[in-house]
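Notes for the structure review
Listed here are the chains, written in short residue letters.
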Amino acid sequence: IKIDGGAYFDTIDESLWNFLVLATTANNPDVMIPAYKINRFYFIFFIAFIWLGTYGLMNLLLAVIYNQFRANFKVSVKDLIKRRNVALRAAFEVLTNPPKLSRTRTITSELP
């Protein structure tokens, strides 16, 4: 289908690309209008594709991305808690057992 000298569905590559962009609804009426002019029942295909792409596949993609983010975030929080506990133990050890400082000086080296 051609419109204004540009093709939307001439090759498989162009068709897949245009359907991918249509799934994001970025070129929504531009792709449908040439097919709609040929036969008005093409709108059923495009509406079904947009509905399936927008509400089905995009939500599935979002769910997969969210689950991966949540899993990585849990690992990050566990690591943060572990490092905090190690630091608190180290600080407690320093506070309960302060290092012994020697205050004795030798006077013999200071005598003339």
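Here, every reference points to the structure presented above.
Residues numbered from 1 in each chain as written. Predicted model: local features only at pLDDT ≥ 70, side-chain atom pairs only at ≥ 80, totals over all residues. Heavy atoms only, no water.

Right, let's get into the packing of aromatic side chains. Per the stated rule, a full pass over the model turns up 7 aromatic pairs. Arranged with centres 4.8 Å apart and planes meeting at 55°, the rings of F19 and F49 form a pair that is tilted. With F19 in helix α1 (residues 12-23) and F49 in helix α3 (residues 42-96), this residue pair connects regions lying 30 residues apart in the sequence. With relative accessibility at 18%, the residue F19 sits in the buried group. Look at W51 and Y55: their rings are 6.3 Å apart centre to centre, the planes differ by 50°, and that puts the pair in the tilted class. Highlighted residues: W51 and Y55, both in helix α3, separated by 4 residues, approximately one helical turn. There is no split in this pair, since W51 and Y55 are both exposed. Among the aromatic side chains, those forming a connected cluster through ring pairs are F19, F45, F46 and F49. (Phe/Tyr/Trp six-rings, centres within 6.5 Å; stacked < 30°, edge-to-face > 60°. Helix = DSSP H or I, 4+ residues; strand = E, 2+ residues; numbered from the N terminus. Buried < 20%, exposed > 50% of the residue type's maximum accessible area, 1.4 Å probe, protein only.)

What follows deals with the nonpolar core. Ranked by size, the top nonpolar core spans 8 residues in total: Y8, F19, L22, V31, M32, A35, F46 and I50. A total of 3 residues in this core trace back to one element, the largest contributor, which is helix α2 (residues 28-38). (Core = buried A, V, L, I, M, F, W, Y, C linked by side-chain atoms within 4.5 Å.)

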